[in-house]
Structure formats: C-alpha cells, structure tokens
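# Structure at a glance
Below, each chain spelled out in residue letters.
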Amino acid sequence: MKKTCILIALSLILFSCKNEKTDTKNTDPNLIRGEFILIDDAAVIKGKDFIYGVVIDDITLDLAKKVAPLQREEYDMVPVVVKGIIKPNPEQGWEEIIEIKEIIGVSAPTSELPTKIKAPDTEESSSEDQNKGKEQ
C-alpha cells in the first residue's frame, strides 16, 4: 500500500514538472522574419508560411514609425526581423498573435509595386457599348 502511494505521488510530481518546462518555452522570444503592416488599429506580420496578428503596444508603434518612411504606398508591407512571443489569440481574428519584444531590423521592400488597373467610367463605357450595338 505504501509503495503504491509513493508511486502515485512521484508520478504526479513528474507530470507537474513537465508542464512547467513547456510553459517556460512559450515565454522565450522567437526570431521572426516577415513583412509588417499597421493599419488603424490592426497590425500583421506575414511570412512565407504564416500570418500572425500583432499585439499593438509601444514596441509595435515604434516599429510602425521605422517602417513608415520605407512604405511606397499606404498599404505597402515592409520586411522586418523581430523577436517576439507567439501565443494563441483569445479574441476573434488571427489564430495566433505575436507580442514583439525586440526589433532586430527593418529593410526596404524589394519587390515592385503591383500594377493598378483603373476601371473605365460607367457613363463612357455604357455609351461606347450602345454605339457598338448600333453599328452591328
């Protein structure tokens, strides 16, 4: 009986210690490379195979100030390297969010701007369509 109680107590202690070790891994900052954008009250870091929402705090606002001069347009994403803690998002939106702990670097975007296509005015296109219909 004593041996059984001791065995149960030891197994409980071992399982509780394992949980503590995994919790400390979640608080270690990860190095994250991706493209950053801050619009109004939402921030995002997008990488090749992930998209994280970003906790908006003083460090995020500081990153946004560093990124702003490098943006060619309002919605241009800028490459960044940061250290942060990835955690599940308790609110609606992204599955995981990142809390930025340190800004490692910010660089200028390397890709060309996307091609903009302007829609024709509705009045001009409708009158052209009518003229084509009359000719045929």
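Cut-offs applied
- Residues numbered from 1 in each chain as written.
- Predicted model: local features only at pLDDT ≥ 70, side-chain atom pairs only at ≥ 80, totals over all residues.
- Heavy atoms only, no water.
- Helix = DSSP H or I, 4+ residues; strand = E, 2+ residues; numbered from the N terminus.
- Buried < 20%, exposed > 50% of the residue type's maximum accessible area, 1.4 Å probe, protein only.
- Contact = heavy atoms within 4.5 Å.
- Polar contact = N/O pair within 3.5 Å; in protein donor to acceptor, adjacent residues only side chain to side chain.

### A short note on the side chain of Thr60
Within the element layout of this structure, Thr60 appears in helix 2 (residues 58–67). A relative accessible area of 0% means that Thr60 is categorised as buried. If we ignore the near neighbours within four places in the chain, the residues touching Thr60 are Phe36, Ala43, Val54, Val55 and Ile100.

### Let's talk about the side chain of Glu99
By secondary structure assignment, the location of Glu99 is in strand 5 (residues 96–106). Given a relative accessible area of 19%, Glu99 falls into the buried group. Of the polar contacts made by the side chain of Glu99, one reaches the side chain of Lys101; its length is 3.1 Å. Apart from the residues lying within four places of it in its own chain, the contact partners of Glu99 are Val55, Asp57, Lys83, Gly84, Ile85 and Lys87.

### What to know about unusual backbone geometry
At Asp40, a residue that is not glycine, the phi angle is positive and equals roughly 50°. Relative to the helices and strands, Asp40 resides in the loop between strand 1 (30–39) and strand 2 (42–46). The class of Asp40 is exposed, set by a relative accessible area of 74%.

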